[in-house]
Amino acid sequence: MKKIEGTPYSELKIQASNIWLDLLSSLPLIIVGLFMVHISPNTTLICQRIETKQGNCKLTESKLWVSSSQEISLDDLQGGKVIQKSKGSSQVVVLTKTGGIPLGNATRWGDKNSIANQINSFVKNTDIKSLKVSQDDRWFGWIFGGIFVLSGVLKYVHKRKKIYL
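Since the model is a prediction, treat every value here as computed from it, not as a measurement.

What is the right way to look at the packing of helix α1 (residues 19-39) against helix α3 (residues 138-160) in this model?
In a pair of packed helices, the angle between the axes and the distance between the axes together describe the arrangement. Where α1 contacts α3, the axes come no closer than 7 Å and their chain directions differ by 175°. Judged by the inter-axis angle, α1 sits roughly antiparallel to α3. Here the contact of α1 with α3 is composed, by residue class, of 15 nonpolar, 8 polar and 4 charged.

Here it is, written out as structure tokens:
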């Protein structure tokens, strides 16, 4: 190692910080990122028609570790509707005799009218034997959740080893 002029020392000092404090400071970013990935759903409505009013639909919401589904009989299915939410977002609602069931999250992106039109066409036209529509909101959570997790991990790694000359 060459001594730099004007400096009294020519040695390298490595100072390690406390592992628990570093982990504690990085953990909130990692937790927020994992939460965003976990809550991002893919919602699918699949309907099969046996006869004019006989058949069923299955509304499935899949998240990273959890999936839930709901059965709707064709007799109960009345159509689809796009409702406007706050700040310019909209949401598709599956209309049944007992009320509306949201199809995915309210978002600003994607053509919600085409999904509602497909549901309405299926309800009105008994010649259509099957329907499959979906709204995939996972990309938002995966991108931004991944950024948060990566930031938390990089923050932790950066704090573990600080090199001072």
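Can you walk me through the sheet that holds strand β3 (residues 55-62) in this structure?
Two modes of strand pairing occur in sheets, parallel and antiparallel, and in both the strands are linked by backbone hydrogen bonds. With antiparallel pairing, the 4 strands of this open sheet are ordered in space as β4-β3-β2-β8. Each of the sheet's edge strands pairs with one partner strand only, and the pair in question is β4 (67-73) and β8 (130-136). On average, adjacent strands in this sheet sit at an angle of 10° to one another, irrespective of strand direction. Across 8 bridges, the pairing between strand β2 (residues 42-49) and β3 is antiparallel. Paired with Leu45 across the two strands is Leu59, which belongs to β3. Most of the contacts of helix α2 (residues 112-124) go to β8, to which it runs at about 160°, and overall it touches β2 and β8.

Help me understand the nonpolar core, please; the structure alone is not making it clear to me.
Soluble globular proteins tend to bury their nonpolar side chains together. Judged by nonpolar contacts, the single largest core of 16 residues is most densely connected at Leu45, Leu77, Leu103 and Ile119. Elements supplying a minimum of two residues to this core: β2, β3, β6 (90-96), β7 (99-107), α2 and β8. Examining the composition of this core, we find that 3 residues originate from one element, α2, more than from any other. Not counting residues within four places of it along the chain, the set of residues in contact with Ile119 comprises Leu45, Gly79, Gly80, Val92, Val94, Leu131 and Val133.

What's the story with the pattern of salt bridges in this structure? I'm lost.
For side chains of opposite charge, pairing can occur when their charged atoms come near one another. Within the structure shown, the criterion is met by 3 salt bridges. Residue Asp136 is joined to Arg138 by a salt bridge in which the shortest nitrogen-to-oxygen separation is 2.8 Å. Residue Arg138 is classed as partly exposed on the basis of its relative accessible area of 33%.

Please explain the layout of surface pockets as it appears in this structure.
Gaps left between atoms show up when a probe the size of a water molecule is rolled over them. Here the second largest pocket is characterised by a volume of approximately 200 Å³. Taken together, the elements giving at least two residues each to the lining of the second largest pocket come down to α1, β7 and α3. The element that contributes the greatest number of residues to the lining of the second largest pocket is β7, accounting for 3 residues. Here the lining of the second largest pocket is built from residues that sort into 6 nonpolar, 4 polar and 2 charged.

Rules behind the numbers
Residues numbered from 1 in each chain as written. Predicted model: local features only at pLDDT ≥ 70, side-chain atom pairs only at ≥ 80, totals over all residues. Heavy atoms only, no water. Axes fitted to C-alpha atoms, helices over the stretch in contact; angles between N-to-C directions. Helix = DSSP H or I, 4+ residues; strand = E, 2+ residues; numbered from the N terminus. Parallel < 35°, antiparallel > 145°, perpendicular 65-115°, else oblique. Nonpolar A, V, L, I, M, F, W, Y, C, P; charged D, E, K, R; others polar. Pairing = 2+ DSSP bridges. Contact = heavy atoms within 4.5 Å. Core = buried A, V, L, I, M, F, W, Y, C linked by side-chain atoms within 4.5 Å. Buried < 20%, exposed > 50% of the residue type's maximum accessible area, 1.4 Å probe, protein only. Salt bridge = Lys/Arg side-chain N within 4 Å of Asp/Glu carboxyl O. 1 Å grid on protein atoms, 1.4 Å probe; cavity = no way out; pocket = protein on both sides within 12 Å on 5 of 7 lines; lining within 4 Å. Points joined across faces, edges and corners; volume = space filled by probe spheres on them.

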